[in-house]
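Residues per chain are reported as follows:
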Amino acid sequence: MSDRPSAPLTRRTFLAASAAALAAARTRAADDPFGGFTVGVQSYTFRNFGLKQALKRTRAAGLSHIEFYRGHVPVAADADKLAAVKKLCGEYGVAPVAFGVEPFSKDHDANKRRFEFAAGLGVKYLGADPDPDSFDSLDKLVA
């Protein structure tokens with residue numbers, strides 16, 4: 001790493017970098033309307049519908065990613081139920097990428113069960129509403 005200070009960001013360099021980024025984004029596949037970003041919906045949006053209808057409406061909105069909430073996929077779901085949910089997602093062409101928003105407390109075992117549930121569902125992210133005393137447990141789990 002250099003000890004030399006970097007050049008200040010000017011309007012001209014910002015516009016040039018933005019134009020380059022836009023040009024790169026346009027070269028991505030034409031069938032990706034989101035330019036490489038993962039865009040989805042929180043299934044809570046469809047809370048008045050069952051899981052199948054939520055997935056159907058997600059696809060109808062032109063989306064292929066979803067963040068589930070416990071109303072569509074209970075946190076206590078066993079491996080068979082999670083497999084059924086993932087199969088249904090595949091049938092509708094919707095990938096589960098997140099789950100939440102979940103409370104976390106200092107109860108490490110309860111927090112660990114949520115992480116194990118998320119892994120079983122195949123999601124990468126957990127939306128969280130952590131209690132201030134939960135961070136020691138969460139630090140261990142995210143490691």
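Residues numbered from 1 in each chain as written. Predicted model: local features only at pLDDT ≥ 70, side-chain atom pairs only at ≥ 80, totals over all residues. Heavy atoms only, no water.

1. Points about the overall build of the chain
The helix and strand inventory of the chain stands at 5 helices and 4 strands. Counting from the amino terminus, the chain carries its helices and strands in the arrangement α-β-α-β-α-β-α-β-α. Burial status across the chain gives 27% buried among its 143 residues. Taking as baseline every contact in the chain between residues at least 6 positions apart, the subset at least 24 positions apart corresponds to 74%. (Helix = DSSP H or I, 4+ residues; strand = E, 2+ residues; numbered from the N terminus. Buried < 20%, exposed > 50% of the residue type's maximum accessible area, 1.4 Å probe, protein only. Contact = heavy atoms within 4.5 Å.)

2. A word on the nonpolar core
Among soluble globular proteins, nonpolar side chains are generally buried collectively. Leu 55, Phe 68, Val 73, Val 85, Phe 99, Phe 117 and Leu 121 are the most contacted members of the largest nonpolar core, which has 20 residues in total. Residue assignment for this core shows that the elements contributing at least two residues are helix H2 (51-60), strand S2 (65-68), helix H3 (79-92) and helix H4 (108-121). Ranked by residues supplied to this core, first place goes to H3 with 4 residues. (Core = buried A, V, L, I, M, F, W, Y, C linked by side-chain atoms within 4.5 Å.)

3. Section: the confidence of the model for the chain
Summary statistics for the chain give a mean pLDDT of 90 and a share of 89% for residues scoring 70 or more. When mean pLDDT is compared element by element in the chain, S2 scores highest at 98, while helix H1 (residues 11-26) scores lowest at 75. (pLDDT = per-residue confidence, 0-100.)

4. Re the pairing of strand S4 (residues 125-130)
Note that strand S3 (residues 95-104) and S4 share 5 bridges and pair parallel. Residue pairing across strands places Phe 99 opposite Leu 126, the latter belonging to S4. In this region the chain leaves S3, passes through H4 and returns to the parallel neighbour S4; the handedness of that crossover is right-handed. (Pairing = 2+ DSSP bridges. Right-handed = clockwise from strand over helix to strand, strands pointing away.)

5. Here's the deal with H4
In this model H4 runs 20 Å from its N-terminal to its C-terminal C-alpha over 14 residues, within 8% of the 20 Å that 1.5 Å per residue would give. Within the span of H4, buried status applies to Ala 110, Asn 111, Arg 114, Phe 117, Ala 118 and Leu 121. Looking straight down H4, one finds that the buried residues subtend no more than 115° of arc, so they occupy a single side. Opposite its buried face, H4 presents the exposed residues Asp 109, Arg 113 and Ala 119, each directed more than 90 degrees away. (Expected span 1.5 Å × (residues − 1). Arc of directions from axis to C-beta.)

6. Topic: a negative patch on the surface
A cluster of acidic side chains, namely Asp 129, Asp 131, Asp 133, Asp 136 and Asp 139, defines a negative patch on the protein surface. You can see Asp 136 is positioned in helix H5 (residues 135-142). Classification of Asp 136 by relative accessible area gives exposed; the value is 60%. (Patch = residues over 30% accessible without salt bridge, like charges linked within 9 Å, V, L, I, M, F, W, Y side chains within 5 Å. Areas by Shrake-Rupley, 256 points an atom, 1.4 Å probe, with all protein chains shown as cover. Salt bridge = Lys/Arg side-chain N within 4 Å of Asp/Glu carboxyl O. Lys, Arg positive; Asp, Glu negative; His and termini not counted. Charge placed at Lys NZ, Arg CZ, Asp CG, Glu CD.)

7. Remarks on the pairing of S2
Only one face of S2 is covered, namely the face carrying Ile 66 and Phe 68; the face carrying His 65 and Glu 67 is uncovered. Two elements, strand S1 (residues 41-42) and S2, share 2 bridges in a ladder whose sense is parallel. In the sheet register, Val 41 faces S2, and the bridge partner there is Ile 66. Between the parallel pair S1 and S2, the chain is carried across by H2, and the sense of this crossover is right-handed. Summarising the sheet, S2 and S3 pair through 4 bridges and their orientation is parallel. By the bridge assignment, Ile 66 is partnered in S3 with Pro 96.

8. Focus on the packing of aromatic side chains
For the structure on display, the rule yields 3 aromatic pairs. Relative to Tyr 69, the ring of Tyr 44 lies with its centre 5.1 Å away and its plane at 85°, an arrangement referred to as edge-to-face. Separated by 25 residues along the polypeptide, Tyr 44 in the loop between S1 and H2 and Tyr 69 in the loop between S2 and H3 bring together distant segments of the chain. Note on Tyr 44: relative accessible area 44%, which makes it partly exposed. Judged by centre distance (6.0 Å) and plane angle (65°), the ring pair of Phe 104 and Phe 115 falls under edge-to-face. Separated by 11 residues along the polypeptide, Phe 104 in strand S3 and Phe 115 in helix H4 bring together distant segments of the chain. Classification of Phe 104 by relative accessible area gives buried; the value is 2%. Residue Phe 115 is classed as partly exposed on the basis of its relative accessible area, which comes to 23%. Arg 57 extends its terminal NZ or CZ atom over the ring of Phe 49, reaching a point 3.8 Å from the ring centre. Just above the ring of Phe 104 sits the side chain of Arg 114; from NZ or CZ to the centre is 5.7 Å. (Phe/Tyr/Trp six-rings, centres within 6.5 Å; stacked < 30°, edge-to-face > 60°. Lys NZ or Arg CZ within 6 Å of the ring centre and 35° of its normal.)

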